[in-house]
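Chain by chain, the residues run as shown.
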Amino acid sequence: MKRRGFLALSAVSALALLSGCGGSDSNTNGMGNGNNGNGANGMGGSQGSTLPSGGIKTKSLPIPALLSGDDRGGVKHYDLSLQKAQHDFFNATKTDTFGINATYLGPTLLMQNGDEVSVNYSNNLGELVTMHGHGMHLPPSMDGTPHQPITAGTTWSARYKVNQKACTNWYHPHTMDKTAEHVYKGLAGLIMIEDAKSKGLDLPKRYGEDDIPLVLQDRFFNNGQLDYNPSRMQVMRGYVGDVFMANGAIDATLDVEAKEIRFRILNGSNSSIYNLGFSDGRSFKQIATDNAFLEAPVSLTRLRLSPAERAEIVVDLSSALNQTIEFRDYQHNKTFFTINVNKTATTTTTLPNSLTTLEKLDPALAVRTRQFTLDGSMGSFQINGKSMDVNRIDESVPLGDIEIWEVTNTMMVDHNFHIHATHFMPIERNGSAANVAANEKGYKDVIFVPANESVKLIVQMKDYADNSVPYMYHCHFLEHEDAGMMGQFVVTS
Ligand SMILES: [Cu+2]
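> Please provide a residue-by-residue account of the overall build of the protein, values included.
A tally of regular secondary structure across the protein gives five helices and 33 strands. Computed over its C-alpha atoms, the radius of gyration of the protein comes to 21 Å, within 12% of the 23 Å expected for a compact globule of 493 residues. The dimensions of the protein, computed from C-alpha atoms along their principal axes, are 55 × 55 × 50 Å. Per-residue burial over the protein gives 53% buried out of 493 residues. Counted over contacts in the protein with a minimum sequence separation of 6, partners at least 24 positions apart contribute 77%.

Structure follows, in structure tokens:
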């Protein structure tokens, strides 16, 4: 999608759009989970998936390979090949994709806080890409933005010391104007950071057994091929596919023991807001936000995640032996996968009441407030009236200063806001601290900013001052980001 390739919506047409055109909510015929394609999403662009006649390939939920790093002289190396591939979403039709050491998505990188690491991205895609460590606290030269291009046939290494609390981060393309398309084709993977404190907690930790990584996405398919063709309306409102998938599998099943199960959830979609929960309505505990554990578990029955947000949850299935439960998105009435609780527990865990201690910055100590207005006008998406320009530095942020960043969405469509290189905490929504939900009172790097709403974040840039190489802030609805809703900041010494 070229930045100049679409027009702004008038208020009237945006209202019409929001009042019922588009979306896949009504696509509930056919298979029980609605993943049958042929759903109307309307308003031009992809008109609903057409799936190949051979049907969806039946799978157990794929668990991405776990890479702990290959120790070479005291540095843990993670060798990643970005490659063209063909993935088996379907029985009789191979889908052209991009994958990372795999045919779709990539391995999970397990890192220990304090480790020296080198994430080595070899670009075998035949086109330029950049690869960003989302949520990673690292120097701007290692951030993997458009300032660190990986040309076709070359390898670029993100070399740094892991320097943050235990959390679930991820890596994905950050290619100028092409992030959305690159992610859509399959480039993304999780990063799990552990620290001394997380290892001591009585949490499910058996990767793929009771500690389950989840990359949640939705896609359109055209005769079994990925269909990335958003209309202007879909760019505006969100490119929400009608086929939902977890870890690159449609309608997968997950066999688990009757015990506490931990899910590390990434909303890996381009621009979909998910409202997640279990089909029997059971409650669960959120234990972590984007960049750290919550101080204490928060009980929920629904979990809203906007694109790029992560959450870790623990659900107690110890009394659910022989039950079948769907893990669903209630925003679009779709099932991501089905859980079969069909094994007796071989271990037990008991969720602690206290998970971590978070540093809470005092707003009274903030030395300035920066305003970020998310807006759109003729032909582009903008922040503070400016579309992304890779040659322009928008903000200079002094190292160590405590600041308030106030993000205001003036549009009639939802956005979110991501800051590279650091975590922040939301302190107000729409002018009130009481509007910040309990499960948002943690370390975040993406914050949902619904239409016509605002949020205040408390931010402090620590470490890694560099007066020339910038970091990014942007909307993480990838179609909006690619259309210009992004800016650059340097951390100054
Ligand atoms: Cu946006």
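What follows picks up the thread again.
> With reference to specific residues and values, describe the environment of Thr 348.
Within the secondary structure, Thr 348 sits in the loop between β23 (334–343) and β24 (368–377). We classify Thr 348 as exposed; it has 12 C-beta atoms within 10 Å. The spacing of Thr 348 and Ile 261 is 87 residues in sequence and 10.0 Å in space, taken between C-alpha atoms.

> So, the sheet that holds strand β32 (residues 466–474): which residues are in play, and what are the values?
By definition, the strands of a sheet pair up through backbone hydrogen bonds, in either a parallel or an antiparallel sense. Taking strand neighbours across the sheet as the criterion, the five strands line up as β26-β33-β32-β28-β30 in an open arrangement whose pairing is mixed. Lying at the two open borders of the sheet, with one neighbouring strand each, are β26 (395–398) and β30 (446–449). For this sheet, the mean angle separating the axes of adjacent strands, direction not counted, is 30°. Examined bridge by bridge, strand β28 (residues 415–419) and β30 share four bridges and lie antiparallel to one another. Paired with Asn 416 across the strands is Phe 448, a residue of β30.

> Quick one: what's the story with the pairing of strand β3 (residues 75–87), residue by residue and with numbers?
With three bridges joining them, strand β2 (residues 70–72) and β3 adopt antiparallel strand pairing. Residue pairing across strands places Asp 70 opposite His 77, the latter belonging to β3. Where β3 meets strand β4 (residues 95–100), six bridges bridge the pair, whose relative direction is antiparallel. Bridging across to β4, Ala 85 finds its partner in Thr 97.

> Explain the nonpolar core residue by residue, including any values.
Ranked by size, the top nonpolar core spans 130 residues in total, and within it Ala 246 and Ile 313 carry the most contacts. Excluding its chain neighbours within four sequence positions, the residues that come into contact with Ala 246 are Leu 61, Leu 214, Val 215, Leu 216, Ala 252, Phe 336 and Phe 337.

> Tell me about the environment of Ser 319, residues and numbers included.
Here Ser 319 lies in the loop between β21 (310–316) and β22 (324–329). Among the residues examined, Ser 319 registers 9 C-beta atoms within 10 Å and is labelled exposed. Each C-alpha atom, one on Ser 319 and one on Ile 63, is 25 Å from the other, the two residues being 256 residues apart in sequence.

> An account of the confidence of the model for the protein is requested, with residue identities and associated values reported.
Looking at the protein, pLDDT values average 92 and 90% of them are 70 or higher. Of the regions scoring below 50 in pLDDT, residues 1–32 engages in 56 contacts with residues more than four places distant in sequence or in other chains. Note on residues 37–44: pLDDT under 50 across the span, and 33 contacts to partners over four residues away in sequence or across chains.

> Got a sec to walk through the pairing of strand β5 (residues 108–112)? Specific residues and values, please.
Pairing of strand β1 (residues 66–67) with β5, which is carried by two bridges, proceeds in the parallel orientation. When the bridges of β5 are listed, Leu 66 appears paired with Thr 108. In the sheet, β5 pairs with strand β10 (residues 189–194) via four bridges, with the strands oriented parallel. Counterpart to Leu 110 in the pairing with β10 is Met 192.

> Can you break down the sheet that holds strand β17 (residues 274–278) residue by residue, with the values?
Taken in spatial order, the five strands of this open sheet run β15-β23-β22-β17-β20, and their pairing is mixed. The open sheet has two edge strands with one neighbour each: β15 (252–257) and β20 (303–305). The mean inter-strand angle of the sheet, taken between neighbouring strand axes irrespective of direction, is 25°. Both β22 and β23 contribute to a ladder of six bridges, which runs antiparallel. Within β23, the residue paired with Phe 327 across the bridge is Phe 337.

> Help me get a handle on unusual backbone geometry, residues and values and all.
Positive phi is not limited to glycine here, since Asn 384 has a value of about 55°. Tracing the chain through its elements places Asn 384 in the loop between β25 (380–383) and β26. One non-glycine residue, Ala 421, lies in positive phi territory at about 80°. Within the secondary structure layout, Ala 421 lies in the loop between β28 and β29 (424–429). For Ala 421, a count of 25 C-beta atoms within 10 Å translates into the label buried.

> Explain the environment of Ile 250 to me, using residue names and the numbers behind them.
One can find Ile 250 in the loop between β14 (243–246) and β15. With 193 residues separating them in the primary sequence, Ile 250 and Lys 57 have C-alpha atoms 7.6 Å apart.

Reading guide: rules and limits
- Within each chain, residue numbers correspond to sequence positions counted from 1 in written order.
- Owing to the predicted nature of the model, reporting of local features is limited to residues with pLDDT of at least 70; listing and counting of side-chain atom pairs is limited to 80 or more, with chain, interface and lining totals taken over all residues.
- A run of DSSP states H or I qualifies as a helix once it reaches four residues; a run of E qualifies as a strand once it reaches two. Both are numbered from the N-terminal end.
- We take the radius of gyration over the C-alpha atoms and set the globule estimate at 2.2 Å times the residue count to the 0.38 power.
- Three classes are used. A residue is buried when 20 or more other C-beta atoms lie within 10 Å of its own, exposed when 12 or fewer do, and partly exposed in between, with C-beta atoms placed from the backbone.
- Any residue pair is listed as a contact if its two C-beta atoms, each placed from the backbone, are within 7 Å.
- Strands are labelled as partners when DSSP assigns at least two bridges between them.
- A fitted line through C-alpha atoms serves as each axis, taken over the contacting stretch for helices, and the angle formed by two N-to-C directions is quoted from 0 to 180°.
- By convention the nonpolar core is taken to be a set of buried residues drawn from Ala, Val, Leu, Ile, Met, Phe, Trp, Tyr and Cys and joined through C-beta atoms within 7 Å.
- Scored from 0 to 100, pLDDT records how confident the predictor is in each individual residue.

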